[in-house]
Amino acid sequence: MNRKLLLALLLCVFSSGPANAIIIEGEFGGVINEVIDRGVYDDDYTTFWRNVKIGDAVHGTYWYDSELAPSPSEFSDGNQFQYRNFGPDIPVWSGMTATVDRHIFDITQNQPDPDIWKPYIVDRGVSVSNEVNTGFELIDGFAVINTILLKTADSRFSSTVLSFGIGGKDIGIFNSTKLGQEFSWFDEKSDPIYNGGVIGKSGYNDDGQYEAEVRFTATYVTARVKKDVEVSEPGILLLMLIGMASLLARRKSKQTHVLA
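Note that the coordinates shown come from a computational prediction; the quantities given were computed from them, not determined experimentally.

1. So, the overall build of the protein
Thought 1: Helices and strands together make up the secondary structure of the protein, namely two helices and eleven strands.
Thought 2: Order of helices (α) and strands (β) in the protein, N terminus to C terminus: α-β-β-β-β-β-β-β-β-β-β-β-α.
Thought 3: At a minimum sequence separation of 6, the contacts of the protein that also span at least 24 residues come to 73%.
Thought 4: Surface accessibility of the protein: about 15600 Å² in total, with carbon and sulfur atoms responsible for 54%.

2. What about the environment of Gly168?
Thought 1: Considering the arrangement of structural elements, one finds Gly168 in strand S8 (residues 157-169).
Thought 2: Counting along the chain gives 26 residues from Gly168 to Tyr194, while the straight-line C-alpha distance between them is 6.3 Å.

3. Focus: the pattern of salt bridges
Thought 1: This structure, assessed with the given rule, holds five salt bridges.
Thought 2: Residues Arg224 and Glu25 are paired through a salt bridge, measuring 3.6 Å at the closest nitrogen-oxygen approach. A residue pair is termed long-range when its members are at least 10 positions apart, and Arg224 in strand S11 (residues 208-233) and Glu25 in strand S1 (residues 17-39) qualify at 199 residues.
Thought 3: Look at Arg224 and you get partly exposed, because its relative accessible area is 35%.
Thought 4: For Glu25, a relative accessible area of 24% corresponds to the partly exposed category.
Thought 5: One salt bridge connects Glu34 with Arg215, and the closest N-O pair in it is separated by 4.0 Å. Of the two residues, Glu34 is situated in strand S1 and Arg215 in strand S11; the sequence distance between them amounts to 181 residues.
Thought 6: You can call Arg215 partly exposed: its relative accessible area is 37%.
Thought 7: A network of salt bridges, in which partner residues are shared, links Glu34, Glu213 and Arg215.

4. Description of a nonpolar patch on the surface
Thought 1: Together, Phe86, Ile121, Leu149 and Phe157 line one region of the surface with nonpolar side chains, adding up to about 390 Å² of accessible area.
Thought 2: Mapping Phe157 onto the fold places it in strand S8.
Thought 3: Accessibility expressed as a relative area gives 42% for Phe157, which makes it partly exposed.

5. Focus: the side chain of Asp123
Thought 1: With respect to the secondary-structure elements, Asp123 resides in strand S6 (residues 120-133).
Thought 2: Accessibility expressed as a relative area gives 11% for Asp123, which makes it buried.

6. Brief notes about the packing of aromatic side chains
Thought 1: In the structure shown here, the tally under the stated rule is ten aromatic pairs.
Thought 2: Seen in terms of ring centroids, Trp49 and Phe105 are 5.7 Å apart; in terms of plane orientation they differ by 50°. Their pairing is tilted. One end of the pair, Trp49, is in the loop between S1 and strand S2 (57-65); the other, Phe105, is in strand S5 (residues 103-106), and 56 residues separate them in sequence.
Thought 3: A relative accessible area of 1% places Trp49 in the buried class.
Thought 4: Ring centres of Tyr62 and Phe142 lie 5.9 Å apart, and the angle between their planes is 45°; on these two criteria the pair is classed as tilted. Residue Tyr62 is located in strand S2, and its partner Phe142 is located in strand S7 (residues 138-151); the two are separated by 80 residues in the primary sequence.

7. Thoughts on the confidence of the model for the protein
Thought 1: Of all residues in the protein, 68% have pLDDT values of 70 or greater, and the mean over the chain is 75.
Thought 2: For the protein, the element scoring lowest by mean pLDDT is helix H1 (residues 3-15), at 44; S2 scores highest, at 94.
Thought 3: For residues 5-19, every residue scores under 50 in pLDDT, and the model assigns this stretch 24 contacts once sequence neighbours within four places are set aside.
Thought 4: Confidence drops under a pLDDT of 50 for residues 229-242, and excluding neighbours within four residues, the segment shows 22 contacts in the predicted structure.

8. What to know about the environment of Ile90
Thought 1: Considering the arrangement of structural elements, one finds Ile90 in the loop between strand S3 (80-87) and strand S4 (94-100).
Thought 2: Each C-alpha atom of the pair Ile90 and Arg124 lies 8.5 Å from the other, and the pair is 34 residues apart in sequence.

9. A closer look at the side chain of Asn146
Thought 1: As for its position among the elements, Asn146 is in strand S7.
Thought 2: Of the polar contacts made by the side chain of Asn146, one reaches the side chain of Arg124; its length is 2.8 Å.

10. Quick notes on the pairing of S4
Thought 1: Where burial is concerned, most of S4 is hidden: five out of the seven residues are buried.
Thought 2: In this sheet, S4 lies alongside S2 in antiparallel orientation, the contact comprising six bridges. Along S4, the bridge assignment pairs Thr61 with Thr97.
Thought 3: With four bridges joining them, S4 and S5 adopt antiparallel strand pairing. Note that in S5 the partner of Thr99 across the bridge is Ile104.

Conventions used here
- Residues numbered from 1 in each chain as written.
- Predicted model: local features only at pLDDT ≥ 70, side-chain atom pairs only at ≥ 80, totals over all residues.
- Heavy atoms only, no water.
- Helix = DSSP H or I, 4+ residues; strand = E, 2+ residues; numbered from the N terminus.
- Contact = heavy atoms within 4.5 Å.
- Areas by Shrake-Rupley, 256 points an atom, 1.4 Å probe, with all protein chains shown as cover.
- Salt bridge = Lys/Arg side-chain N within 4 Å of Asp/Glu carboxyl O.
- Buried < 20%, exposed > 50% of the residue type's maximum accessible area, 1.4 Å probe, protein only.
- Patch = residues over 30% accessible without salt bridge, like charges linked within 9 Å, V, L, I, M, F, W, Y side chains within 5 Å.
- Phe/Tyr/Trp six-rings, centres within 6.5 Å; stacked < 30°, edge-to-face > 60°.
- pLDDT = per-residue confidence, 0-100.
- Polar contact = N/O pair within 3.5 Å; in protein donor to acceptor, adjacent residues only side chain to side chain.
- Pairing = 2+ DSSP bridges.

This is the structure we're talking about:
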């Protein structure tokens, strides 16, 4: 093999760089401790939650991509990091679903198409806390937020919100504030002040404006790595060297053909 061609191939190999992508997926669940279901304008409003009642089970799933997550927000500090962004045209780097009384809320891909007549705001976020000093005790915490606020053509707003969080003393779920950690937390006697979530829906139907929301006490949350793959990514140098190797090979072939 031509020495120049061999050198080019070796450089191609060593010019490749690793790229790590960590996707976390998890589950959460709990029991409903409050139900809000009302029509603002109409007394005859038909309830949104149907047969939902206090004590019913909530189950959900979530995921996020640590590589696509935004940088820590201005509210972050050494022990608490919030990865959160607002506004339209936000990359889909996280998502959540939840089920209550056969109502399935999935706002993983429900980001509306950009429309100047129907502006919307998206709020996506993940919060990780490790040994935050509250003045009384050190607590750990984890939270996920997904909200969509949509403005309709007649300037009215509708919203979908799905969020949950856990926190408390000595729960020991984290070793740091690094995004992408695995953990498993379970507590049947969970405190709703520290551990809970909300599933909400508001908007308009034939009966008028409605607002429906359930709040739940979280009793378990898990987080596991779905994908942690090191992929070799060629850079610009690699592409240039491939081209050079190809030219050298063609030149060598032509020279051999002429001599023959």
